[in-house]
Amino acid sequence: QVQLVESGGGLVQPGGSLRLSCVASGSIFSVNIMDWYRQAPGKQRELVARIFRGGNSYVADSVKGRFTISRDNAKNTVYLQMNSLSPEDTAVYYCNCIRFDGNFCDDWGQGTQVTVSS
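This write-up is about the structure you can find in this document. (Residues numbered from 1 in each chain as written. Predicted model: local features only at pLDDT ≥ 70, side-chain atom pairs only at ≥ 80, totals over all residues. Heavy atoms only, no water.)

## Considerations on the layout of surface pockets
Right, on to step 1. Looking at the largest pocket, its volume works out to about 240 Å³.
Right, on to step 2. Every residue lining the largest pocket is counted, 15 residues in all, and those nearest its centre are Ile28, Val31, Met34, Arg71 and Asn73.
Right, on to step 3. Elements supplying a minimum of two residues to the lining of the largest pocket: β4 (31-39), β5 (46-52), β7 (67-72) and β8 (77-82).
Right, on to step 4. Its residues assigned to classes, the lining of the largest pocket shows eight nonpolar, four polar and three charged. (1 Å grid on protein atoms, 1.4 Å probe; cavity = no way out; pocket = protein on both sides within 12 Å on 5 of 7 lines; lining within 4 Å. Points joined across faces, edges and corners; volume = space filled by probe spheres on them. Helix = DSSP H or I, 4+ residues; strand = E, 2+ residues; numbered from the N terminus. Nonpolar A, V, L, I, M, F, W, Y, C, P; charged D, E, K, R; others polar.)

Structure representation (structure tokens):
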């Protein structure tokens, strides 16, 4: 079993930055992939960024050049650095992971709200 704790959401002005954190605990040995998703009102949940056990990463085209995913293995933490934020980035952001068996680590939680507004 893997437990995830998210933090870092909030209200930020257009052009500003936020860093989201996701701390994993439990059966860390079973984790293959760590993901950040987001869901805006009336839209489907979309994959924003992904980092693999081996270190390779993926960032969606919609946020490429502005968002960066990184990790601190010693702290079992994955970060999403979000720069040059715009109102279109307003959404609930979720983290999850995928085990080596191909299944999500945990149920979708409440996520953390990111609101970009002046």
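There is more to say, and it comes next.
## Observations regarding the sheet that holds β5
Sheets are built from strands that pair by backbone hydrogen bonding, the pairs being arranged parallel or antiparallel.
Right, on to step 1. Spatial strand order, β2-β10-β9-β4-β5-β6: six strands in an open sheet with mixed pairing. In the strand order of this sheet, the two ends are held by β2 (10-12) and β6 (57-59), each with one partner. Between one strand axis and the next, the sheet turns by 25° as a mean value, whatever way the strands run.
Right, on to step 2. The sheet contact formed by β2 and strand β10 (residues 112-116) spans three bridges and is parallel. Looking at the pairing, Val12 lines up with Val116 of β10. (Pairing = 2+ DSSP bridges. Axes fitted to C-alpha atoms, helices over the stretch in contact; angles between N-to-C directions.)

## What about the pattern of salt bridges?
Right, on to step 1. Taken as a whole and assessed by the stated rule, the structure comprises six salt bridges.
Right, on to step 2. As a salt-bridge pair, Arg50 and Asp35 come within 2.7 Å of each other at their nearest N and O atoms. Separated by 15 residues along the polypeptide, Arg50 in strand β5 and Asp35 in strand β4 bring together distant segments of the chain. Each member of the pair, Arg50 together with Asp35, is buried.
Right, on to step 3. Note that Arg38 and Glu46 form a salt bridge whose closest N and O atoms lie 2.8 Å from each other.
Right, on to step 4. A relative accessible area of 6% places Arg38 in the buried class.
Right, on to step 5. Residue class for Glu46 comes out partly exposed when judged on its relative accessible area of 32%. (Salt bridge = Lys/Arg side-chain N within 4 Å of Asp/Glu carboxyl O. Buried < 20%, exposed > 50% of the residue type's maximum accessible area, 1.4 Å probe, protein only.)

## Re the pairing of β8
Right, on to step 1. Most of β8 sits out of view: five of its six residues are buried.
Right, on to step 2. Bridge count between strand β3 (residues 18-26) and β8: six bridges; the pairing is antiparallel. Bridge pairing in β8 places Cys22 opposite Val78.

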